[in-house]
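Working through the structure, step by step
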Amino acid sequence: MIQRKQTVFLLVAFVLTLMGMSMQVGSLVGETGAVFARVYSLWITDGQGQHSFVSAPLFVALMLSALLSLVTIFLYTKRKLQATLCLLLMLLYVVWYVVLAVLPQQTGGQLHVEWPAVLPAISIILVFMARKGILADEKLVRSLDRIR
């Protein structure tokens, strides 16, 4: 039962989340148009190489998402709980985007996002498809119980 398509979707979402945690999410640009800091999920690196952990909530949201997606994969016998955890996963990815949107207000610059900022959105789509498959499995099991 672990070789379901939902498992593949959740596993790919897990890998994309790990990639998003380790790559540069964006750059902070000042009024002059010059980049003065690089934004990662865990910290912001300025021009002198100093780290500021203002963006650490991004890392926390992705870390919780990665752990939760692994836990969800191995709960394949509890489909209702698995579907609920998929909703929580999607919520964590949305929280990541909210924190990313608020980040320029805290740092005093304009955020220019890089392509890795799209990875959580792809993960949301994958988790949504996994949840849809989980609910289809639950519906199938209920219909088989009804026939007996």
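What you see is a predicted model; the values in this text were computed from it and never measured.

Section: the environment of Val 118
Position of Val 118 among the secondary structure elements: in the loop between β5 (110–113) and α4 (119–147). Between the C-alpha atom of Val 118 and that of Leu 10, which follows or precedes it by 108 residues, the distance is 17 Å.

Considering the pattern of salt bridges
Evaluated as defined, the whole model comprises 3 salt bridges. Linking Asp 137 and Arg 4 is a salt bridge whose minimum nitrogen-to-oxygen distance equals 3.0 Å. One end of the pair, Asp 137, is in helix α4; the other, Arg 4, is in the segment before α1 (5–22), with 133 residues separating them in the sequence. Take Arg 4: its relative accessible area is 9%, and that puts it in the buried class. Each member of the salt-bridge network shares a partner with another, and the members are Arg 79, Glu 138 and Arg 142.

Here we look at the side chain of Ser 65
Topologically, Ser 65 is positioned in helix α2 (residues 56–73). At 2.8 Å, the side chain of Ser 65 forms a polar contact with the backbone oxygen of Ala 61. The contacts of Ser 65, once residues within four sequence positions are left out, are Thr 17, Leu 89, Leu 92 and Tyr 93.

A word on α2
The end-to-end C-alpha distance of α2 is 26 Å, a good match for the 26 Å that 18 residues give at a rise of 1.5 Å each. Along α2, the positions that sit buried rather than exposed are Ala 56, Leu 58, Ala 61, Leu 62, Ser 65, Ala 66, Leu 68, Ser 69, Thr 72 and Ile 73.

Focus: the packing of α1 against α2
Each pair of packed helices gets described by two things: the angle between the helix axes and the distance between those axes. The N-to-C vectors of α1 and α2 enclose an angle of 160°; their axes lie 9 Å apart at closest approach. When the axis of α1 is compared with that of α2, the two are roughly antiparallel. As for the relative orientation of α1 and α2, their crossing is left-handed in sense. Residues Thr 7, Leu 10, Leu 11, Phe 14, Thr 17, Leu 18, Gly 20 and Met 21 of α1 touch α2, and the partners they reach there are Phe 59, Leu 62, Met 63, Ser 65, Ala 66, Ser 69, Leu 70, Thr 72 and Ile 73. The residue makeup of the contact of α1 with α2, split by class, is 11 nonpolar, 6 polar and no charged.

Things to note about the pairing of strand β1 (residues 24–29)
Burial within β1 is extensive, with 6 of its 6 residues counted as buried. By the bridge criterion, 5 bridges tie β1 to strand β2 (residues 35–40) in an arrangement that is antiparallel. When the bridges of β2 are listed, Gly 26 appears paired with Val 39. In this structure, the hairpin formed by β1 and β2 is closed by a connection of 5 residues, where Gly 33 is found at a positive phi of approximately 95°.

Quick look at the packing of α1 against helix α3 (residues 79–107)
Contact geometry of α1 with α3 gives a least axis separation of 13 Å together with a crossing angle of 25°. Judged by the inter-axis angle, α1 sits roughly parallel to α3. Here the hand of the crossing between α1 and α3 comes out left-handed. Residue-level contacts link Leu 10, Ala 13 and Thr 17 of α1 to Gln 82, Cys 86, Leu 89 and Tyr 93 of α3. Each residue belonging to the contact of α1 with α3 can be placed in one class, and the counts come to 5 nonpolar, 2 polar and no charged.

Some words on the sheet that holds β1
The 5 strands are arranged β4-β3-β2-β1-β5 in an open sheet whose pairing can be described as antiparallel. With one partner strand each, in any of the chains shown, β4 (51–52) and β5 form the two edges of the open sheet. Here strand β3 (residues 44–46) runs beside β4; their pairing, made up of 2 bridges, is antiparallel. Each bridged residue has a counterpart across the sheet, and for Ile 44 the counterpart in β4 is Ser 52.

Rules used throughout
- Residues numbered from 1 in each chain as written.
- Predicted model: local features only at pLDDT ≥ 70, side-chain atom pairs only at ≥ 80, totals over all residues.
- Heavy atoms only, no water.
- Helix = DSSP H or I, 4+ residues; strand = E, 2+ residues; numbered from the N terminus.
- Salt bridge = Lys/Arg side-chain N within 4 Å of Asp/Glu carboxyl O.
- Buried < 20%, exposed > 50% of the residue type's maximum accessible area, 1.4 Å probe, protein only.
- Polar contact = N/O pair within 3.5 Å; in protein donor to acceptor, adjacent residues only side chain to side chain.
- Contact = heavy atoms within 4.5 Å.
- Expected span 1.5 Å × (residues − 1).
- Axes fitted to C-alpha atoms, helices over the stretch in contact; angles between N-to-C directions.
- Parallel < 35°, antiparallel > 145°, perpendicular 65-115°, else oblique.
- Left-handed = near helix turned anticlockwise from the far one by under 90°.
- Nonpolar A, V, L, I, M, F, W, Y, C, P; charged D, E, K, R; others polar.
- Pairing = 2+ DSSP bridges.

Just distances and angles here, no functional claims.
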